[in-house]
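Remarks on the overall topology
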Amino acid sequence: MASKKVLGLTAATAALVLGLTACGNGDGGDGGGDSAGEEFTYGIIYPQTGALAFLGPPQIAAAEYAISEINDAGGILGTEVPAIVEGDEAGDGAQANEAANSLVNSDVNAVIGAAASGMTQAIYDTITGSEIVQCSGSNTAPDLTDIDDGGYFFRTAPSDLMSGPVMARQIVEKNQLSVAIVARADDYGNGYMQAVQDELEALGAEVVLTETYDPDATNFDSVVNAVSGEEPEAVALISFEEGAQVIAELLESGVEGDQLYITDGLNSPELGSTVNEDDPSIVDGITGVAPGADNPEFNEGLREFEPDLDAFQFSPQVFDCVTAIALAAESAESVDPSVYVEHLPEISRPEGTECSSFEECRDLLADGEDIDFQGTSGNIDFDDNGDPTAATFEIFGFDGETHGVTAYEEYSADE
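Residues numbered from 1 in each chain as written. Predicted model: local features only at pLDDT ≥ 70, side-chain atom pairs only at ≥ 80, totals over all residues. Heavy atoms only, no water.

1. Brief notes about the sheet that holds strand β7 (residues 206–213)
Threshold: Note on pairing: DSSP must find at least two bridges between two strands before they are called paired. Strands here mean DSSP runs of E at least two residues long; helices mean DSSP runs of H or I at least four residues long; both are numbered from the N terminus. Helix axes are fitted to C-alpha atoms over the stretch in contact, other axes to C-alpha atoms as well, and angles between N-to-C directions run from 0 to 180 degrees.
Read across the sheet, seven strands follow the order β7-β6-β8-β9-β10-β14-β15 without closing on themselves; strand pairing throughout is mixed. The two strands at the open ends of the sheet, each matched to only one other strand, are β7 and β15 (402–412). Pairs of neighbouring strands in the sheet enclose a mean axial angle of 20 degrees, with direction left out of account. Pairing of strand β6 (residues 178–184) with β7, which is carried by seven bridges, proceeds in the parallel orientation. Residue pairing for β7: Arg 184 is matched across the bridge by Tyr 213.

2. Looking at the state of the cysteines
Which entries qualify depends on this criterion: When the sulfur atoms of two cysteines come within 2.5 Å, that pair is taken as a disulfide. Burial classes follow relative accessibility: with a 1.4 Å probe on protein chains only, a residue under 20% of its type's maximum area counts as buried, one over 50% as exposed, and anything between as partly exposed.
Following the criterion strictly, the structure yields two disulfides and no others. Here Cys 355 pairs with Cys 361 through a disulfide, and the sulfurs are 2.1 Å apart. Where Cys 355 bonds to Cys 361 through sulfur, the torsion about that S-S bond is close to 115 degrees, and the disulfide is right-handed. Judged by relative accessible area, Cys 355 falls into the buried class, the value being 2%.

3. Examining the sheet that holds strand β2 (residues 85–88)
The criterion, for reference: Should any heavy atoms of two residues lie within 4.5 Å, those residues are counted as being in contact.
Across the sheet, five strands lie side by side as β2-β1-β3-β4-β5; this open sheet has parallel pairing. Here the strands that pair on one side only, and so sit at the sheet edges, are β2 and β5 (153–155). With direction set aside, neighbouring strand axes in the sheet form an average angle of 20 degrees. Relative to strand β3 (residues 110–112), strand β1 (residues 42–46) runs parallel, the two sharing three bridges. Directly across from Tyr 42, in β3, lies its bridge partner Ala 110. Packing against the sheet, helix α2 (residues 56–72) makes contact with β1 and β2, and its axis sits at approximately 165 degrees to β1. Here helix α11 (residues 315–332) sits on the sheet in contact with β1, β3 and β4 (133–136), set at roughly 170 degrees to β3.

4. With respect to unusual backbone geometry
One can expect most non-glycine residues to show negative phi and most peptide bonds to be in trans. For the bond running from Gly 113 to Ala 114, omega is 0 degrees, close enough to zero to count as cis. Mapped onto the elements, Ala 114 comes out in the loop between β3 and α4 (117–128). For Asn 175, which is not a glycine, the phi torsion comes out positive at approximately 60 degrees. Position of Asn 175 among the secondary structure elements: in the loop between α5 (160–173) and β6. Phi is positive for Asp 381, which is not a glycine, with a value near 50 degrees. With respect to the helices and strands, the residue Asp 381 is situated in the loop between β13 (378–379) and β14 (390–399).

5. A word on the nonpolar core
Rule in force here: Buried Ala, Val, Leu, Ile, Met, Phe, Trp, Tyr and Cys residues form a nonpolar core when they are joined through side-chain atoms within 4.5 Å.
Membership of the largest hydrophobic core comes to 53 residues, with the highest contact counts inside it found for Phe 40, Tyr 42, Ile 76, Ile 325 and Tyr 340. If you tally residues by element for this core, the top one is α11, at eleven residues. In this structure, Tyr 42 is in contact with Ile 67, Ile 70, Ile 76, Val 81, Ile 84, Val 85, Val 108, Ala 110, Ile 112, Val 322, Ile 325 and Ala 326, ignoring residues within four places of it in sequence. Formed by 44 residues, the second largest nonpolar core is a distinct cluster that contains Ala 96, Tyr 188, Met 193 and Ile 395.

6. Details of helix α10 (residues 296–305)
Put simply, the rule is: For this quantity, the arc is that covered by the directions from the helix axis to the C-beta atoms.
Of the residues making up α10, those classed as buried are Phe 298, Gly 301 and Leu 302. The buried residues of α10 all sit within an arc of 95 degrees when viewed along its axis, so they share a single face. Of the exposed residues in α10, those oriented more than 90 degrees away from the buried face are Pro 296, Glu 300 and Glu 304. Check the buried side of α10 and you find it contacts α2 and α11.

7. Concerning the pattern of salt bridges
What counts here: Whenever Lys or Arg places a side-chain nitrogen within 4 Å of a carboxyl oxygen from Asp or Glu, that contact is recorded as a salt bridge.
For the coordinates displayed, the defined rule picks out seven salt bridges. Residue Arg 184 pairs with Asp 186 through a salt bridge whose shortest N-O separation is 2.5 Å. Here Glu 242 ties to Arg 184 by a salt bridge, and the two come within 2.9 Å at their closest N and O atoms. Note that Glu 242 is positioned in the loop between β8 (234–238) and α8 (243–252) and Arg 184 in strand β6, a separation of 58 residues in sequence. Classification of Glu 242 as buried rests on a relative accessible area of 15%. Given the relative accessible area of 10%, Arg 184 is considered buried. Through salt bridges that share partners, Arg 184, Asp 186 and Glu 242 make up one connected network.

8. Re the pairing of β4
What you see with β4 is no split at all: Val 133 and Cys 135 on one side and Gln 134 and Ser 136 on the other are buried throughout. Strand direction decides the pairing type here: β3 and β4, joined by three bridges, are parallel. When the sheet's bridge partners are listed, Val 111 is paired in β4 with Gln 134. Where β4 meets β5, three bridges bridge the pair, whose relative direction is parallel. Opposite Cys 135, over in β5, you have Phe 154 as the bridge partner.

Geometric descriptors of this kind do not, in isolation, establish any biological role.
As structure tokens, then:
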């Protein structure tokens, strides 16, 4: 399939577009070629309410932290970045699209988010169709690789085609070779399930059951009975918050904690209390896999910036979205998304000089050097579809009512 990232603009065409129009660049339609003094405004769509609201605080905190670092270094193209414009995806496609329209009408120069892959499916046409760059730090659905976005959608979170194999390897490393896979019946669940299944079978394990469920269901007896009937050595559960009830029913049916493997949708310190308020330690032994970052310095900086933050899920990836976009604008010397978008892949290519902060990378660009931006989440290296080609995953678990990271795993799309 041809790359969706080919914009089809020659340099001359880009210059003409720049001179005639300014779509979402906040400059009142005067164009973005000479951008000194023009503000670069970020919008963000994240879950302030809804089932994934626990992902909201680390996303907005990371975006604001990145902007504070950019402003401390002098802003984008020498102009301070104003406060981020917020919108609530709320786990509802219609409300998320309303928020997207609001950001477009606010003339933002870029949109961070959405948090959930399904919400991005609902809003990307509104944003990218307006020729505004959109970058998500938490979208993992494989289907987003091939959306018709005109080249304006990027993500720093890895596709589930990389997450699935990491989970499969965790299972096989524990010599659990008969596996049931249970997933929510949506793009996220189906894509992740297929990736886990393919890797398990490639490693010689037997997938004895693949079962999907309605995420809006209130009873999961049929799923639990199907699992019990196969008596697997391990169960992979691909879910969001509703998975806590599935876990409760699986544990009640006789499945042990060390047989259960979960995804980023359940990566919460409060999982034990959600599963069983009277006995949070019931989740002891459960293993999870989530995109992460082996970067204590970033965590310390974010904790200092936002002391009340108690979860860091996807915060490094969101930070990298904000920073990468700022560097693309610096490289293009323009705040116009239709101009700087072509520079986004270039600022993370291996041919450039490695750099890891906005200030360091910007100064290299000012000296005429090509750069290879090393994100807080790792080496991003966008491919032609706007996806990262490598990622770091955290292996998390629960022990004695505590939640923590036990290891980090690197995975590349080339593996």
